[in-house]
Amino acid sequence: MDKKLIALAVLLGILVGTGAFTFRYAEGLSYFSTDPKACANCHIMTPQYDSWQKSSHHTVAGCVDCHLPHTFIAKYIAKAENGYHHSKGFTLQDFHEPIMIKGKNQKILQHNCVSCHEDMVHGLFRGDITNPDAVSCVHCHASVGHGALPTSIGGADRGENREGNSHE
């Protein structure tokens, strides 16, 4: 029994130690803040951070204002889900390049655009912004949050690549 207990304690110590090291190395506490610099901890997000600093929204909205729900519980659930997916993707190097927003986060972004600009856009949606046929704000306004990105997403070409083919 003592050997099993010691082995379990050693294994638990290794897991906790590895987790603590990884959390510290990855600057885990920074992700609990609203500071946009935390989003640029990963070098892959540097173009998004740099372009946001030059965008029309940089003085009024940070990353979390657009990319996370505004209610406390939903925000931290989304942060946890995104943190898991980002950690897995960067650890296993199995993420899409250029990095692209995914469906659930696209819905959050759309909701936040409409919430902030409700006075201007309420007539466009007629009640249901979750309808798949609803107008997507970033379809036409991709450069608002990030300006032109080196990936051509968000430039004046509204998401078309340099050869003129649309992203799908």
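Just above, that's the structure.
Residues numbered from 1 in each chain as written. Predicted model: local features only at pLDDT ≥ 70, side-chain atom pairs only at ≥ 80, totals over all residues. Heavy atoms only, no water.

**Regarding helix α4 (residues 72-92)**
The terminal C-alpha atoms of α4, which comprises 21 residues, lie 30 Å apart, in line with the 30 Å expected from a rise of 1.5 Å per residue. K75, A78, K79, N82 and G89 are the residues of α4 that are buried. Along the axis of α4, the buried residues cluster in a sector spanning 105 degrees; they form a single face. Facing away from the buried side of α4 by over 90 degrees, the exposed positions are I73, Y84, T91 and L92. Where the residues of α4 are buried, they touch α3 (63-67) and α5 (103-116). Downstream of α4 by one or two residues, Q93 has phi in the positive range, about 55 degrees. (Helix = DSSP H or I, 4+ residues; strand = E, 2+ residues; numbered from the N terminus. Expected span 1.5 Å × (residues − 1). Buried < 20%, exposed > 50% of the residue type's maximum accessible area, 1.4 Å probe, protein only. Arc of directions from axis to C-beta. Contact = heavy atoms within 4.5 Å.)

**A few points about the nonpolar core**
Grouped together as the largest cluster of nonpolar side chains are five residues: L109, C113, V114, V121 and C137. The element contributing the most residues to this core is α5, with three residues. (Core = buried A, V, L, I, M, F, W, Y, C linked by side-chain atoms within 4.5 Å.)

**Quick word on the pattern of salt bridges**
All told, the structure shown has two salt bridges when counted by the stated rule. The partner of E81 in a salt bridge is K104, and the shortest N-O contact between them spans 2.8 Å. Remark: K104 occurs in helix α5 and E81 occurs in helix α4; sequence separation between them is 23 residues. (Salt bridge = Lys/Arg side-chain N within 4 Å of Asp/Glu carboxyl O.)

**Focus on the packing of aromatic side chains**
Overall, the coordinates contain four aromatic pairs when judged by the stated rule. Taking the centre distance of 5.9 Å and the plane angle of 15 degrees together, the rings of F21 and Y25 count as stacked. On the criterion of helical spacing, the pair formed by F21 and Y25 is a turn pair, its members being four residues apart in helix α1 (residues 2-25). Y25 matches F21 in its accessibility class, with the two residues each being exposed. Measuring from centroid to centroid gives 5.8 Å for Y49 and W52, while their planes differ by 35 degrees, and the two rings are tilted. One end of the pair, Y49, and the other, W52, are both in helix α2 (residues 46-53), three residues apart, so they sit about a helical turn from each other. (Phe/Tyr/Trp six-rings, centres within 6.5 Å; stacked < 30°, edge-to-face > 60°.)

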